[in-house]
Amino acid sequence: MTTDAPSPVVVDTRPPATPLLQVKNLTRHFMVSGTRIDVLHDCTFDVSRGEVVAIMGQSGSGKSTLLNVLGLLDRPSSGSYVFDGMETAPLREGRMSRLRGDGIGFVFQQFHLLERRSALANVSVPMVLGGVPALRRRSRSRELLESVGLGHRLHSQPHQLSGGEQQRVALARALSREPSLILADEPTGALDAASSTMIMDQLIDQSRVRDAAVVVVTHDAKVAERADRVVVLVEGRTH
Ligand SMILES: Nc1ncnc2c1ncn2[C@@H]1O[C@H](COP(=O)(O)OP(=O)(O)O)[C@@H](O)[C@H]1O
Ligand SMILES: [Mg+2]
């Protein structure tokens, strides 16, 4: 028998979480032979932990430029970028690079793996830079490769792997220090449909299981439709 007793009202009294990324009126221009090229005119958006946001826009619209700023590889010309509650504009280079190493994982279209090194060695790179002890690096790299379905490919070098497999190695490398933010610049651009789906599954998993924020630049409508939200860049402005 069912009862009609009202379900208890649960009031969440926690303050709303501050977004991990807060981008406000951000611009970026480059000086080329004395001429100013305005690439990003006015970008404003937030991304929270647990969210997958796709960035779309035509080639040349500034997507990679924006991702470089989000990844603390570059700085805005004006406007504000707050990462994990910290305004990044006044930070010194050393602090930026520590924040990047500790908190941000990158995945690129062309994988950017070390050619003559094994999958295990490639996944270890950020942990070497982060001072993780060798034994721990090895076990963690193995676990990560197993988690992306490459437990049987630990000793393979990039040229012995398919594009999809190389991208899974790159993803395992990006995850090795458990970043709160994962930035992916057209991660499926060089992959077939099945591999794209697998990479997207794993990126989405990171947001759901580990509460990471994921920002993925893509041309692929199939990838974008799996994101929680799409930010469109048109002539350097977010929409
Ligand atoms: N370091 C730079 N110096 C000068 N121009 C640049 C630089 N980086 C990017 N650009 C220019 O900014 C524009 C946007 O580039 P990019 O961000 O790579 O676009 P997208 O990733 O959307 O294709 C392009 O016109 C590019 O030539
Ligand atoms: Mg680009």
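Going by the structure above, here's the rest.
Described below are features of the structure shown in this document. This structure is a prediction, so every number in the text was calculated from the model and none was measured.

## A look at the packing of aromatic side chains
Here comes step 1: Counting across every chain of the model gives two aromatic pairs.
Here comes step 2: Each ring, one from Tyr 81 and one from Phe 83, has its centre 6.5 Å from the other, and the planes form 45 degrees; the classification is tilted.
Here comes step 3: Exposure remark for Phe 83: the relative accessible area of 1% places this residue in the buried category.
Here comes step 4: Here the aromatic rings of Phe 106 and Phe 108 are separated by 6.1 Å at their centres, their planes lie at 0 degrees, and the arrangement is stacked.
Here comes step 5: A relative accessible area of 28% means that Phe 108 is categorised as partly exposed.

## Quick notes on the site of ligand 1
Here comes step 1: The full set of residues close to ligand 1 is Phe 30, Val 32, Val 39, Gln 58, Ser 59, Gly 60, Ser 61, Gly 62, Lys 63, Ser 64 and Thr 65.
Here comes step 2: Note that an oxygen atom of ligand 1 is positioned 2.9 Å from one of the backbone N or O atoms of Lys 63.
Here comes step 3: In this structure, Ser 64 approaches ligand 1 through a main-chain N or O atom, which is 2.9 Å from an oxygen atom.
Here comes step 4: Protein contacts shield 58% of the accessible area of ligand 1, which totals 560 Å² for the unbound molecule.
Here comes step 5: Examining the composition of the shell around ligand 1, we find that three residues originate from one element, helix α1 (residues 63-70), more than from any other.
Here comes step 6: Partitioning the shell around ligand 1 into residue classes produces three nonpolar, seven polar and one charged.

## Details of helix α4 (residues 134-147)
Here comes step 1: Under the 1.5 Å per step criterion, the end-to-end length of α4 is 20 Å for 14 residues, consistent within 8% with the ideal 20 Å.
Here comes step 2: Those residues of α4 lying buried are Arg 140, Ser 141, Leu 144 and Leu 145. Viewed along the axis of α4, the buried residues span an arc of 135 degrees, placing them on a single side of the element.
Here comes step 3: Contacts from the buried residues of α4 go to α3 (119-129) and α5 (163-175).
Here comes step 4: Looking one or two residues past α4, Gly 149 carries a phi angle of roughly 80 degrees, positive in sign.

## So, the pattern of salt bridges
Here comes step 1: Under the defined criterion, the tally for this structure stands at nine salt bridges.
Here comes step 2: For the salt bridge of Arg 153 with Glu 165, the shortest nitrogen-to-oxygen distance reads 4.0 Å. Taken together, the residues Arg 153 in the loop between α4 and α5 and Glu 165 in helix α5 connect sequence positions 12 residues apart.
Here comes step 3: A relative accessible area of 25% places Arg 153 in the partly exposed class.
Here comes step 4: For Arg 226, the salt bridge is made with Asp 201, and the minimal N-O distance between the two is 2.7 Å.

Cut-offs applied
Residues numbered from 1 in each chain as written. Chains lettered and ligands numbered in written order. Predicted model: local features only at pLDDT ≥ 70, side-chain atom pairs only at ≥ 80, totals over all residues. Heavy atoms only, no water. Phe/Tyr/Trp six-rings, centres within 6.5 Å; stacked < 30°, edge-to-face > 60°. Buried < 20%, exposed > 50% of the residue type's maximum accessible area, 1.4 Å probe, protein only. Near = heavy atom within 4 Å. Polar contact = N/O pair within 3.5 Å; in protein donor to acceptor, adjacent residues only side chain to side chain. Areas by Shrake-Rupley, 256 points an atom, 1.4 Å probe, with all protein chains shown as cover. Helix = DSSP H or I, 4+ residues; strand = E, 2+ residues; numbered from the N terminus. Nonpolar A, V, L, I, M, F, W, Y, C, P; charged D, E, K, R; others polar. Expected span 1.5 Å × (residues − 1). Arc of directions from axis to C-beta. Contact = heavy atoms within 4.5 Å. Salt bridge = Lys/Arg side-chain N within 4 Å of Asp/Glu carboxyl O.

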